[in-house]
Amino acid sequence: MLPIVVPATELFVEDTNEFIQVKETVLQLEHSLLSLKKWEAKWCIPFLDGNPKTTEQTIDYIRCMTLTQNVNPYVYGALSAQNLEDINNYIDAPMTATWFVEDKQKKKNKTVRKEKTITAELVYCWMVMYHIPFECQKWHLNQLITLIRVCNEENNPKKPLKGKALYSRNRALNEARKKKMHTRG
């Protein structure tokens, strides 16, 4: 959960042509499957598709993330640049110590692979497939997706090594055997 302090400010409301005072407000935010589901139900587009979102869509996602009750709707117009940066950092944070080999290879090679567009329903499908309890829909979304990836990797058979990886592993095994047996080959 991310607490955000939205500073007190004065906003101009174009609809009514008047200035309003917005009090300092603390928002409790949670980037979860529930937030994703609410947002996608309203906008009918995938949130995690990698495409940029409009300002209105971004603010609405923050509204969907809000756990704080009875928030003045003008508070979202008073979010500071620092608030938005903190929220984006929170959304992008892995929230786990788990990492995957291909993640490190992607960073090293800087290759981008086209992946399936993830929607809330697809995540729920994975939860059902792997018998993940629905209480986990309140977890940080990155933690939940990491758990799903771990379940997927643990349930899939290991792929056999090919090419250079196979030769490298065999060379290392042979060297270890020669050393252990005190032979040259």
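To be clear, the structure that these remarks concern was listed above.
Residues numbered from 1 in each chain as written. Predicted model: local features only at pLDDT ≥ 70, side-chain atom pairs only at ≥ 80, totals over all residues. Heavy atoms only, no water.

Now for the overall build of the protein chain. The helix and strand tally for the protein chain stands at seven helices and four strands. In the protein chain, the succession of α and β elements from N to C terminus is β-β-β-β-α-α-α-α-α-α-α. Scaling as 2.2 N^0.38, a compact globule of 185 residues should have a C-alpha radius of gyration of about 16 Å, whereas the protein chain reaches 24 Å, well beyond that. Principal-axis analysis of the C-alpha atoms places the extent of the protein chain at approximately 90 × 35 × 25 Å. A buried classification covers 31% of the 185 residues belonging to the protein chain. Restricting to contacts in the protein chain with at least 6 residues of sequence separation, those with at least 24 account for 61%. Across the protein chain, the 27 positively charged side chains and the 21 negatively charged ones have centroids separated by 20 Å. (Helix = DSSP H or I, 4+ residues; strand = E, 2+ residues; numbered from the N terminus. Rg over C-alpha atoms; globule rule 2.2 N^0.38 Å. Buried < 20%, exposed > 50% of the residue type's maximum accessible area, 1.4 Å probe, protein only. Contact = heavy atoms within 4.5 Å. Lys, Arg positive; Asp, Glu negative; His and termini not counted. Charge placed at Lys NZ, Arg CZ, Asp CG, Glu CD.)

Attention shifts here to the pairing of strand β1 (residues 2-6). The alternating pattern of β1 places Leu2, Ile4 and Val6 on a buried face, while none of Pro3 and Val5, on the opposite face, is buried. Sheet analysis places β1 next to strand β4 (residues 25-29), joined by five bridges and oriented antiparallel. Note that in β4 the partner of Ile4 across the bridge is Leu27. (Pairing = 2+ DSSP bridges.)

Another point: unusual backbone geometry. With a phi close to 55°, Asn70 is a non-glycine residue in the positive phi region. One can find Asn70 in the loop between α2 (55-65) and α3 (81-92). The phi angle at His131 is positive, at roughly 55°, despite the residue not being glycine. Here His131 lies in the loop between α5 (120-129) and α6 (141-155).

Looking now at the packing of α2 against α3. Closest axis-to-axis distance for the α2/α3 pair is 12 Å, and the angle between their directions is 70°. Here α2 lies roughly perpendicular to α3, going by the angle between them. Between α2 and α3 the crossing geometry is left-handed. Of the residues in α3, those touching α2 at Ile59, Tyr61, Ile62 and Met65 are Leu84, Ile87, Tyr90 and Ile91. (Axes fitted to C-alpha atoms, helices over the stretch in contact; angles between N-to-C directions. Parallel < 35°, antiparallel > 145°, perpendicular 65-115°, else oblique. Left-handed = near helix turned anticlockwise from the far one by under 90°.)

Attention now goes to the nonpolar core. Membership of the largest hydrophobic core comes to 41 residues, with the highest contact counts inside it found for Leu33, Leu79, Ile87 and Met127. Take this core: its biggest share by element is six residues, from α5. Each residue touching Leu79, except ones within four places of it in the same chain, is listed here: Ile4, Val6, Leu27, Ile59, Ile62, Leu84 and Ile87. (Core = buried A, V, L, I, M, F, W, Y, C linked by side-chain atoms within 4.5 Å.)

Attention now moves to the packing of aromatic side chains. Summed over all chains, the structure comprises five aromatic pairs. Their ring planes at 75° and their centres at 5.0 Å tell us that Trp39 and Phe47 sit as a pair that is edge-to-face. The same class applies to Trp39 as to Phe47, namely buried. Consider the rings of Phe47 and Tyr61, whose centres lie 4.1 Å apart with planes at 20°: the pair is stacked. You can see Phe47 sitting in the loop between α1 (33-43) and α2 and its partner Tyr61 sitting in helix α2, a full 14 residues away along the chain. Each member of the pair, Phe47 together with Tyr61, is buried. Site record: aromatic cluster; members linked through ring pairs are Trp39, Trp43, Phe47 and Tyr61. (Phe/Tyr/Trp six-rings, centres within 6.5 Å; stacked < 30°, edge-to-face > 60°.)

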